[in-house]
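Results of the structural survey
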Amino acid sequence: MPIPTSDSVETPRRLLRDVVFEKLLASIVDGTLEPGERLNDDELTKWLGVSRTPVREAIAQLQTYGLVEIEANRFTRVARRDDALYIEAAEFLAGLHSLARERGAMNMDASTRKAVAKTVAASIRQLEARDMSGAATLLDAQGALAVASGNTLLTETEEPLRIRVKFLSPGEPAGYDWDALLTVAREVEALLSTK
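Computed from a prediction, not measured in an experiment: that's the story for all the values here.

**So, the overall build of the protein**
Summing up its helical and strand segments, the protein has eight helices and two strands in all. Beginning at the N terminus, the succession of helices and strands in the protein can be written as α-α-α-β-β-α-α-α-α-α. Dimensions of the protein, computed from the C-alpha atoms along their principal axes, are close to 55 × 50 × 30 Å. Looking at the protein as a whole, 38% of its 195 residues qualify as buried. Counting contacts in the protein only where the partners sit at least 6 residues apart, residues at least 24 apart contribute 71% of the total. One way to put it: in the protein the 24 positive side-chain charges average out to a point 2 Å from where the 30 negative ones average out.

**A closer look at the pattern of salt bridges**
Tallying each qualifying case throughout the model produces 12 salt bridges. When salt bridges that share partners are traced, they join Asp41, Asp42, Arg52 and Arg56 into one network.

**Here's the deal with the side chain of Arg113**
Residue placement: Arg113 occurs in helix 5 (residues 110-128). In this structure, Arg113 is buried with no salt-bridge partner, the nearest side chain bearing the opposite charge being Asp109 at 7.7 Å. At 2.6 Å, the side chain of Arg113 forms a polar contact with the backbone oxygen of Ala105.

**Considerations on the packing of aromatic side chains**
By the definition in use, this model includes two aromatic pairs. Between Tyr176 and Trp178, the aromatic rings sit 5.2 Å apart at their centres with planes inclined by 35°, giving tilted as the arrangement. Among the residues examined, Tyr176 registers a relative accessible area of 12% and is labelled buried. If you follow Arg77 out to its NZ or CZ, it ends over the ring of Phe75, 4.0 Å from the centre.

**Considering the pairing of strand 1 (residues 68-71)**
The side chains of a regular strand alternate, residue by residue, between the two faces of the sheet. Bridge count for strand 1 against strand 2 (residues 75-78) is four bridges, and the pairing is antiparallel. When the bridges of strand 2 are listed, Val68 appears paired with Val78. With antiparallel pairing between neighbouring strands as the criterion, strand 1 and strand 2 make up a hairpin whose turn holds three residues, including Asn73 at a positive phi of roughly 60°.

**A closer look at the confidence of the model for the protein**
Taken residue by residue, the protein gives an average pLDDT of 91. The fraction at 70 or more is 93%. When the elements of the protein are averaged for pLDDT, helix 1 (residues 16-29) gives the smallest value, 92, and helix 6 (residues 133-148) the largest, 96.

**Structural notes on helix 3 (residues 52-64)**
Taking 1.5 Å as the rise per residue, helix 3 with 13 residues should run 18 Å; its terminal C-alpha atoms sit 19 Å apart, in good agreement. Burial in helix 3 covers these residues: Pro54, Val55, Ala58, Ile59 and Leu62. Along the axis of helix 3, the buried residues cluster in a sector spanning 135°; they form a single face. Tucked inside the fold, the buried residues of helix 3 contact helix 1, helix 2 (41-48), strand 1 and strand 2.

**Here's the deal with the side chain of Gln142**
The residue Gln142 is located in helix 6 in this model. If near-sequence neighbours (up to four positions away) are discounted, Gln142 is found in contact with His97, Ala100, Arg101, Val184 and Val188.

Rules of the game
- Residues numbered from 1 in each chain as written.
- Predicted model: local features only at pLDDT ≥ 70, side-chain atom pairs only at ≥ 80, totals over all residues.
- Heavy atoms only, no water.
- Helix = DSSP H or I, 4+ residues; strand = E, 2+ residues; numbered from the N terminus.
- Buried < 20%, exposed > 50% of the residue type's maximum accessible area, 1.4 Å probe, protein only.
- Contact = heavy atoms within 4.5 Å.
- Lys, Arg positive; Asp, Glu negative; His and termini not counted.
- Charge placed at Lys NZ, Arg CZ, Asp CG, Glu CD.
- Salt bridge = Lys/Arg side-chain N within 4 Å of Asp/Glu carboxyl O.
- Polar contact = N/O pair within 3.5 Å; in protein donor to acceptor, adjacent residues only side chain to side chain.
- Phe/Tyr/Trp six-rings, centres within 6.5 Å; stacked < 30°, edge-to-face > 60°.
- Lys NZ or Arg CZ within 6 Å of the ring centre and 35° of its normal.
- Pairing = 2+ DSSP bridges.
- pLDDT = per-residue confidence, 0-100.
- Expected span 1.5 Å × (residues − 1).
- Arc of directions from axis to C-beta.

Here it is as structure tokens:
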């Protein structure tokens, strides 16, 4: 008997290291794995139900994102917040986002433009309320502009840097320049409404 065919759409196969990376990334971002917490390979392999290799590969990638610190033969741990690194990363990301706004807005299709505009509007409401999540929402909207730019190098540079900036972001409302964030959000909103 021949094997029946399926009408369902095939989902792309994913590498185990990518799955492990996403789980570890989510755990760092949501605080399950706290800044400064040591990462033990044996504990992580047991927790994630995978071998050591995908765990080590995911940790290496998290290190390139600036979310994990490794010192050979001493420790592997979740990075700690650092104001100087935050400022440096945020300045570089602002430059990338300027380029993303310039390139991305002109390449967006109508449905993507509408979705990003909705995200920007949500970020404006959050920022006006001094809700710290508004900064992350605005960063993600500009990340969508980077993707829309069609520039692979821009996207590949922007995403890990955006994740790093979100991770390093201040933990208190007083650490944000609310007026500057609102200015950027309104500029993006205006840009999306004119194209």
